[in-house]
Structure formats: C-alpha cells, structure tokens
Amino acid sequence: MTIATPTAAAELLCFNPGCRARFAITEVLYNCPQCGGLIEAGYAAPDSDAATLKRTFRDRRLSNAPLDQSGVWRYRELFPFLADYTRVVTLREGNTPLLDAPAAAEYGGLARIAFKHQGFNPTGSFKDNGMTCGVAQALRLGMRRVACVSTGNTSASMAAYAAAAGLEALIFLPHGNISFGKLAQALEYGAKTLEVEANFDQILALIRVLADRLGIYLLNSVNPFRIEGQKSIMFEMLDQRDWRVPDWVVLPGGNLGNVSAFGKGLREAKDAGLIHRLPRLAVIQAEGSAPFYEFVHTGAKEFHPVAKPETLATAIRIGDPVSWPKALHEINSTNGLVEKVSEQEIADAKAIIGRCGIGCEPASAATLAGIRKLTAVGAIDREADVVAVLTGNLLKDPDYIYKYHTGKLEAPGGVKIRSTYGNQSIVVPNDPDRIAALLT
Ligand code: F0G
C-alpha cells in the first residue's frame, strides 16, 4: 500500500467539542477512536487573501485543465487535503446552475427563488461533489475496494467514480426501497450490488463491521472527505452570485451529511474572508422520516431514531441519521431551522417545480414544500433572498412521477396522494380530423 506524504497543514479532528483529538490526514477514520465522535478535516488558513482566491476561482472557468473545469476542484484551496492532485478522478462534477423559478416562488410564498440544481451533476445528484473527493482519498490511501449503503444516489455516484478510477465498488441497498433509475445506474457502472433485506440504518451498521473486517474503504457521508467535497456546492453558489450571501439556503435532510457540509463550507468561507455573514440554513425532512425535526422541536436531551422510517421520497428514508451532531451544530451556527412536510406536500411541490421547466426528484421537492410552510407562518419573509437546493434529477424516479400524474400514487400506509397538478397523456386514433377537433 502506498501512502502519499501527509499534507502538513491538513489533519483529521474529532468533531466532539469535548475531545477534539487530532489525527493524520491519512488515517482511515469514520469515528474518533477515543470518544466515538464524528470525524472532520481541518486545515490551516489558506495562503491567499480573499480577493486573490476569488480571482483564482473565476480565472479557472476559462481553463481547459480538468481540475479547473470541475465545479469541485476549482475551489481546492478550501479543502487542501491532498498532497498530490495527479490521481484525482473528475467527471466534471459541480458546474450546476442557479435557476430562477417565478411560479415556484409564488407557490412557496416568496417574491423570488433560485434553485441550485444539483441534478445537473454527471450522475444526477449532489453526491458527485462529495464522491470525487472521497474517491481521491481512497486512491491516495491505496485502497482497492470502496463500499457504501445507499438510498440510491450515493451508490450511483460511487459506482461511477469507482469505475472511472479503476476501483472495485460494493454497493448495499435496502431491498425494494430504491428507485429503478438509481439501481440501474449502479448496475450500468459495473458495481457489485447487494440488496439487503433491511433498512438504510441497519445496513449502515452492517457495512461498518464489514469495512473494518475486510479493509474496504467506506464512502458514506461518515467519510469526512465526502463532506469536504460537498462544501463546494456552497462555494459555487456564492461564486455564481458574485459572493452575495442569500438570506436562506434550504435543503432536504436525510442522513444529514449535506447540511453538515454546507454549514462547514459557509463557516470556512467566512473565516477566509470570502463572505462576511452566514445565510440561515433550513433543513426539510419528510414527516415519516423526521427524527432530526423531532429532536430539534421537542428539545429532547437524547436523539431518538425513527425505527421504521417511511416516505415515498426514498432518498431521505432514513431514521437514524449519523451526522446529526454536525447538522445540529450547523443549524445553531447559522440560526437555522428544521421543518417537516407531508407526502402530499412533497408531491404537489414537485409538480410545481416541474411546471417551471426544471423538475427534480421527490426528496428535492421537500425544499419548496418546506418553504411554503415556513413563509405561511412568517418564519421566512416573503421578500427574503432564498436559494433552495434541488438535490437530484427528475429522471431518477420516473415511476413516482407517472403515478402522481395518473392518480395512482399512494403514501406509505395506503393513503392516496391527490394528483392536484396531474397531467395525463391522451390516447388518440391516427386520424387528423379527430386530433384537430381535440386540439381546437
Ligand atoms: N436528496 C437526495 C436526492 C438524496 O439522495 C439524499 C440522500 C438527500 C437529499 C439527503 O441528503 O443524507 O446528506 O441529508 N441520499 C443518500 C443516498 C442517503 O444514499 O443516496 P443527506
């Protein structure tokens, strides 16, 4: 196994404020060996000042170098964990647009909204931002096999990056609870795919045992390098807005890796002088899988997982999110909040995003559903400057869409979802007169 020289300025740290144990950046760690806390990467302050960094990031958009073309590695001074960039595998991840959507804004009770659409990524979700970094670290550590449990997007992304990097990919999925679009991606990218008869949380516990036993590198968001990559979603969003900070960044919450990444990225951008205040983070969960919402709103002392999480937004069907301590820190640091939304609210919000010509997968639409609730009670102001992150592509879950539009969508437990904004195809004979009659 070849281990590259550790970057002196980068290290791993225990996230637990009472511990903060420090480790070499080249250690394989998902939890602190001393206290069991989560692990994060930490760095010395960047060498360059904010103005120089901003100019460098902007200049790289004109470069043909693969690393500069990546919407992740373009910002590499802000996550300098590698000593050597020659083995980085990029599929030109990131580079996702900020899209105005007036009809969605109106539905959400806002004067305007911008969607940061991570579904434009190479495998169709925000996971690619993190995966390019996780796989870079796997290569740097000399790992040959990588693994993850997934509700579908992490596995699609890991399969693609592992294939591109020449690594063996082992994927563990909750049997029967992932969309075919995502499963198809894992198969097409050549991953060894195991469907386990257990839910996401149970499988995560299982593969952590297997990873240790078999020396496999775990690429779930407990891997701190995934979080480092996902920070770039915030850097790119700010860069696209000429570093104007929005009032709110709204995102769906499942395993809570993304909100942890966003908060860390935003705090670090502020420390580096790239921005002068933080936006507020709002995490939206599905009602049937909302342990973080319950924790924050009940003020409970202990975190209580949901034993049987349910939602048709299968991407966020997670009852025991591993990153909740980080997520809590980021919600508190940004004076943020947590909301939950129903299956009907997700489905209708999703159709509205579709009507804007944008589209997304169900979990992503929780953002707009949450915004609608939050503006209705005055928690988000109508005039607020809001960026909502659409996490996955429309085509990830076509089955859900077809059922919604044809009135066949049922929530867990059998409750019918109304197709409030339904749109059905019409079967017509091959007859111009009758078709013309229909269209006039
Ligand atoms: N949106 C989509 C489309 C997702 O795939 C996920 C998570 C989330 C939101 C929630 O993000 O976990 O960072 O809070 N999907 C994971 C997976 C769990 O396995 O693909 P989170």
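Scoring rules and cut-offs
Residues numbered from 1 in each chain as written. Predicted model: local features only at pLDDT ≥ 70, side-chain atom pairs only at ≥ 80, totals over all residues. Heavy atoms only, no water. Disulfide = S-S within 2.5 Å. Buried < 20%, exposed > 50% of the residue type's maximum accessible area, 1.4 Å probe, protein only. Near = heavy atom within 4 Å. Polar contact = N/O pair within 3.5 Å; in protein donor to acceptor, adjacent residues only side chain to side chain. Areas by Shrake-Rupley, 256 points an atom, 1.4 Å probe, with all protein chains shown as cover. Helix = DSSP H or I, 4+ residues; strand = E, 2+ residues; numbered from the N terminus. Nonpolar A, V, L, I, M, F, W, Y, C, P; charged D, E, K, R; others polar. Axes fitted to C-alpha atoms, helices over the stretch in contact; angles between N-to-C directions. Parallel < 35°, antiparallel > 145°, perpendicular 65-115°, else oblique. Contact = heavy atoms within 4.5 Å. Pairing = 2+ DSSP bridges. Phe/Tyr/Trp six-rings, centres within 6.5 Å; stacked < 30°, edge-to-face > 60°. Lys NZ or Arg CZ within 6 Å of the ring centre and 35° of its normal.

## Focus: the state of the cysteines
Then, number 1: Going through the model one piece at a time under the given rule, you end up with zero disulfides.
Then, number 2: Between cysteine 32, a cysteine without a disulfide, and cysteine 19, which holds the nearest cysteine sulfur, the sulfur-to-sulfur distance is 3.8 Å.
Then, number 3: On the basis of relative accessibility, which here comes to 4%, the residue cysteine 32 falls in the buried class.

## Describing the site of the ligand
Then, number 1: The local shell around the ligand holds 21 residues, among which Ser150, Thr154, Gly254, Asn255 and Thr391 are the closest.
Then, number 2: Lysine 127 is positioned with one of its side-chain polar atoms (N or O) 3.0 Å from a nitrogen atom of the ligand.
Then, number 3: Backbone polar atom of glycine 254 to an oxygen atom of the ligand: 2.7 Å apart, as the coordinates give it.
Then, number 4: Protein contacts shield 98% of the accessible area of the ligand, which totals 480 Å² for the unbound molecule.
Then, number 5: Of all elements in the fold, only helix H5 (153–165) and helix H9 (257–271) reach the threshold of two or more residues within the shell around the ligand.
Then, number 6: For the shell around the ligand, a count of residues per class yields eight nonpolar, 11 polar and two charged.

## Some details on the packing of helix H12 (residues 343–355) against helix H13 (residues 362–376)
Then, number 1: The contact between H12 and H13 brings their axes to 7 Å, and the two run at 100°. Here H13 runs roughly perpendicular to H12, going by the angle between their axes. Residues Glu345, Ile346, Ala349, Lys350, Ile352 and Ile353 of H12 lie in contact with H13, whose contacting residues are Pro362, Ala365, Ala366, Leu368, Ala369 and Lys373.
Then, number 2: Its residues assigned to classes, the contact of H12 with H13 shows nine nonpolar, no polar and three charged.

## Section: the pairing of strand E13 (residues 386–390)
Then, number 1: Burial of E13 is extensive: five of the five residues sit out of reach of the surface.
Then, number 2: Side chains Val386, Ala388 and Leu390 of E13 all project onto a buried face; the interleaved residues Val387 and Val389 project onto the opposite face, where all are buried too.
Then, number 3: Pairing between strand E5 (residues 114–117) and E13: four bridges, direction parallel. Across the sheet, histidine 117 pairs through a bridge with leucine 390, a residue of E13.

## Some details on the sheet that holds strand E2 (residues 22–24)
Then, number 1: The strand order across the open sheet built from three strands is E2-E1-E3, with neighbouring strands paired in antiparallel fashion. Pairing within the sheet leaves two strands with one partner each, and these edge strands are E2 and strand E3 (39–43). The mean inter-strand angle of the sheet, taken between neighbouring strand axes irrespective of direction, is 40°.
Then, number 2: As paired strands, strand E1 (residues 10–14) and E2 are joined by three bridges and run antiparallel to one another. Bridge pairing in E2 places leucine 12 opposite phenylalanine 23.
Then, number 3: Against the sheet, helix H8 (residues 224–240) makes contact with E1 and E3, and its axis sits at roughly 55° relative to E3, the strand it touches most.

## Considering the packing of aromatic side chains
Then, number 1: If you walk through the whole model with that rule in mind, you get 13 aromatic pairs.
Then, number 2: When the ring of phenylalanine 295 is compared with that of tryptophan 324, the centres are 4.9 Å apart and the planes differ by 65°; the resulting orientation is edge-to-face. Residue phenylalanine 295 is found in helix H10 (residues 291–298), and its partner tryptophan 324 is found in helix H11 (residues 324–333); the two are separated by 29 residues along the sequence.
Then, number 3: What makes tryptophan 324 partly exposed here is its relative accessible area of 23%.
Then, number 4: Look at phenylalanine 303 and tryptophan 324: their rings are 4.7 Å apart centre to centre, the planes differ by 5°, and that puts the pair in the stacked class. Of this pair, phenylalanine 303 sits in the loop between H10 and H11 while tryptophan 324 sits in helix H11; the two residues are 21 residues apart in sequence, bridging distant segments of the chain.
Then, number 5: Note on phenylalanine 303: relative accessible area 12%, which makes it buried.
Then, number 6: Taken together, the aromatic side chains of Trp73, Phe79, Phe81, Tyr85 and Phe225 make up a single cluster linked through ring pairs.
Then, number 7: The cationic tip of arginine 76 hangs over the ring face of tyrosine 85; the distance from NZ or CZ to the ring centre is 6.0 Å.

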